[in-house]
Amino acid sequence: MSDNNPCLTCGACCAHFRVSFYWGECQSAGGVVPDELVEQITPYHAAMRGTTSKPARCVSLLGDVGCGVRCTMYEQRSSPCREFEASWEHGEHNPRCDAARAAHGLPPLTPPLEPDMAPDRVA
């Protein structure tokens with residue numbers, strides 16, 4: 001994750017959504033997600049601790065939402081975390097990112113400015 005990634009000053013998604021995934025992602029089933037950081041939801045699904053009730057906050061989120069945050073298990077995070085993208089990260093708007101940010105009083109991310117595509121003028 002680059003230093004200019006907006007997620008490093010946000011963390012709203014980690015403190016808004018339930019992070020549930022197939023139990024096979026847990027270490028005890030051969031996956032990478034540490035068992036002590038999850039709770040079983042159904043016989044086949046687990047969720048990150050802290051995300052199953054409101055207000056939600058993943059136990060792996062360190063820092064203050066909207067200021068400075070990081071995931072303490074970033075390399076071992078579950079597929080929903082790996083797949084979730086900040087708005088405009090790859091040129092695409094993510095309304096779920098905006099919803100999480102709004103729930104924490106943060107403005108939506110804006111698309112990056114495009115360079116001026118007009119041809120150079122020669123005098």
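Residues numbered from 1 in each chain as written. Predicted model: local features only at pLDDT ≥ 70, side-chain atom pairs only at ≥ 80, totals over all residues. Heavy atoms only, no water.

Engineer: Explain the nonpolar core to me, and be specific about the residues and the numbers.
Structural biologist: Counting residues in hydrophobic clusters, the biggest one holds 9 residues: Val-19, Phe-21, Cys-26, Val-33, Val-38, Ala-46, Met-48, Cys-58 and Met-73. If sequence neighbours within four positions are ignored, Met-73 has contacts with Val-33, Pro-34, Leu-37, Met-48 and Ser-60. (Core = buried A, V, L, I, M, F, W, Y, C linked by side-chain atoms within 4.5 Å. Buried < 20%, exposed > 50% of the residue type's maximum accessible area, 1.4 Å probe, protein only. Contact = heavy atoms within 4.5 Å.)

Engineer: Describe the pairing of strand β3 (residues 45-48), naming the residues involved and giving the relevant values.
Structural biologist: Of the strand pairs in this sheet, strand β1 (residues 20-22) and β3 are connected by 3 bridges, and their pairing is antiparallel. By the bridge assignment for β3, Tyr-22 is matched with His-45. Pairing of strand β2 (residues 38-42) with β3, which is carried by 4 bridges, proceeds in the antiparallel orientation. Directly across from Gln-40, in β3, lies its bridge partner Ala-46. Hairpin connection of β2 to β3: 2 residues between the antiparallel strands. (Pairing = 2+ DSSP bridges. Helix = DSSP H or I, 4+ residues; strand = E, 2+ residues; numbered from the N terminus.)

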